[in-house]
Amino acid sequence: MQLPSEITQLHCFHTARVQRSTLEEPSPHSHPLYGHGVCKWPGCEAVFDDFHSFLKHLNNEHALDDRSTAQCRVQMQVVQQLELQVFGVVFFC
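As a starting point, this report considers the structure included with it. (Residues numbered from 1 in each chain as written. Predicted model: local features only at pLDDT ≥ 70, side-chain atom pairs only at ≥ 80, totals over all residues. Heavy atoms only, no water.)

Let us now look at the overall build of the protein. When you go through the protein residue by residue, the secondary structure sums to three helices and two strands. Its helices and strands in sequence order give the protein the pattern α-β-β-α-α, from N to C terminus. Residues classed as buried in the protein amount to 25% of the 93 residues present. Look at the contacts in the protein between residues 6 or more apart in sequence, and 34% of them connect residues 24 or more apart. (Helix = DSSP H or I, 4+ residues; strand = E, 2+ residues; numbered from the N terminus. Buried < 20%, exposed > 50% of the residue type's maximum accessible area, 1.4 Å probe, protein only. Contact = heavy atoms within 4.5 Å.)

Structure (structure tokens):
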């Protein structure tokens, strides 16, 4: 079971990553896992006609269960290693 502080940390890490990766204000109909009508979740390439359908899919198919939490942790470790190699520092919230 994931602790609330871990959820906050994952959200904070993800938010910081998104903020660093864009120079413009996010649109109310944008999401880092949604691009050109396609879900960008690792291993998922579901196609959607609209943003609302994507959000419904995201909440139903990619909820933070034990498996997706583990995937997120692995991704965080990979990103941290890349940041160390490229920048010599790991970014935290």
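Counting nine residues, the largest nonpolar core consists of Leu33, Tyr34, Cys39, Trp41, Cys44, Phe48, Phe51, Phe54 and Leu58. A total of three residues in this core trace back to one element, the largest contributor, which is helix H2 (residues 51-61). (Core = buried A, V, L, I, M, F, W, Y, C linked by side-chain atoms within 4.5 Å.)

This next bit is on helix H3 (residues 66-87). An α-helix turns once every 3.6 residues. As a result, residues three or four positions apart point the same way. Between its first and last C-alpha atoms H3 spans 31 Å; for 22 residues at 1.5 Å apiece the expected length is 32 Å, and the two agree. Backbone nitrogen of Arg67 and a side-chain oxygen of the N-cap are separated by 3.2 Å at the start of H3; the cap is Asp65. In the stretch just after H3, Gly88 is the one whose phi turns positive, near 75 degrees. (Expected span 1.5 Å × (residues − 1). Polar contact = N/O pair within 3.5 Å; in protein donor to acceptor, adjacent residues only side chain to side chain.)

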